[in-house]
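Each chain, written out:
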There are 2 protein chains.
Amino acid sequence: MDWIDDIRWDEAGLVPAIAQEADSGDVLMMAWMNRDALQRTVELGEAVYWSRSRGRLWHKGEASGHVQKVESIRLDCDGDVLLLRVRQLGHEPGIACHTGRHSCFYRELQDQRWASVEPVLKDPESIYR
Amino acid sequence: MDWIDDIRWDEAGLVPAIAQEADSGDVLMMAWMNRDALQRTVELGEAVYWSRSRGRLWHKGEASGHVQKVESIRLDCDGDVLLLRVRQLGHEPGIACHTGRHSCFYRELQDQRWASVEPVLKDPESIYR
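Every value quoted in this text rests on a predicted model; they were computed, and no experiment measured them. (Residues numbered from 1 in each chain as written. Chains lettered and ligands numbered in written order. Predicted model: local features only at pLDDT ≥ 70, side-chain atom pairs only at ≥ 80, totals over all residues.)

J.: Go over the relation of the copies chain A and chain B with me, naming the residues and quoting the values.
T.: Superposition of the two copies of the chain requires a rotation about an axis together with a shift along that axis. The transformation that overlays chain A on chain B combines an axial shift of 0.0 Å with a rotation of 180 degrees, and the residual RMSD is 0.0 Å. Classification of the inter-copy transformation places it as that of a two-fold axis. In terms of proximity to the rotation axis, the leading residue of chain A is Gly-25 of chain A, whose C-alpha is 2.7 Å off the axis. Most of the interface of chain A is mirrored in chain B, where 100% of its interface residues again form contacts. (Least-squares fit on C-alpha atoms with pLDDT ≥ 70 in both. Contact = placed C-beta atoms within 7 Å.)

J.: Explain the nonpolar core to me, using residue names and the numbers behind them.
T.: Residues Ile-18 of chain A together with Ile-18 of chain B are the most contacted members of the largest nonpolar core, which totals 63 residues. Every residue in contact with Ile-18 of chain B, bar those within four places of it in the chain, is listed here: Ile-18, Val-27 and Met-30 of chain A together with Val-27, Met-30, Val-81, Leu-82, Leu-83 and Leu-84 of chain B. (Core = buried A, V, L, I, M, F, W, Y, C linked by C-beta atoms within 7 Å. Buried ≥ 20, exposed ≤ 12 C-beta atoms within 10 Å, placed from the backbone.)

J.: Requested: an account of the interface of chain A and chain B, with residues and values cited.
T.: Each partner contributes to the interface: chain A provides 30 residues, whereas chain B provides 30 residues. Element by element, the count of residues in the side of chain A that touches chain B is highest for strand β5 (residues 68-75) of chain A, at four residues. When the residues that make up the side of chain A that touches chain B are grouped by side-chain class, the tally is 18 nonpolar, six polar and six charged. In this structure, strand β7 (residues 107-110) of chain A lies alongside strand β5 (residues 68-75) of chain B, joined through two bridges in antiparallel fashion. Across the sheet, the residue bridging to Glu-108 of chain A is Arg-74 of chain B, located in β5 of chain B. (Helix = DSSP H or I, 4+ residues; strand = E, 2+ residues; numbered from the N terminus. Nonpolar A, V, L, I, M, F, W, Y, C, P; charged D, E, K, R; others polar. Pairing = 2+ DSSP bridges.)

J.: Describe the confidence of the model for chain A, and please don't skip the residues or the numbers.
T.: For chain A, mean pLDDT is 96; residues scoring 70 or higher make up 99% of the total. With pTM at 0.97, the complex prediction returns an ipTM value of 0.96. (pLDDT = per-residue confidence, 0-100.)

J.: Can you break down the pairing of strand β3 (residues 48-51) of chain B residue by residue, with the values?
T.: Residue and element names in this part refer to chain B. Pairing between β3 and strand β4 (residues 56-59): four bridges, direction antiparallel. Bridge pairing links Trp-50 to Leu-57 in β4. Remark: four residues form the turn of the hairpin made by β3 and β4, two consecutive strands paired antiparallel; Gly-55 in that turn has positive phi of roughly 65 degrees.

Have a look at this one:
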């Protein structure tokens, strides 16, 4: 497939994929994709990443139910970063982070420390039970 | 500095840094930072990345004038991705991409091809003359 060959995969066969919430514009998370993950994402219409820690495809939400419906996929000028516009679904919509927060980017640099600036919306224990 | 040691730098000493426009929420680009780049960013209040292709610090806008004023810096749950909220400045504000476009993510997957969906706001030849 030509379009997938336009992507400049890194030496490990991966590219970063940024997930941005379609409605709010909030950046929810960044994960990695390989060719298989991107093809599955396009087929399913839901985000499938490559989990580097687990060494396997990771259909986001497979354990938590917090699936990401993909509205569009963009590629940057260098061809080595993807941007997904998503709807963050689930029993409790809008929770992307495994800590039960809206966004994985919940720590902000303030006075030389990382301050937690987003609330936990759901107890992770009850997400992954 | 403790806060910088909280970051999980990769084996090359880098982390991805996503630049998001503060007002619009648009994702402008993703580049890489090492410790020096992040420290310079905090000191200057303007985005300084590590250019992997040039192998040196890259003060964004040093050639184009398209500087990014940094409003906040966030860290994700895994501690290995940064999110910068920026104001995209310059003679023509709002141009982050070296192609003269607003965002580097100007190509969208449509019918198995990457369609250009953002206009060129300024001829790159006149940006880098």
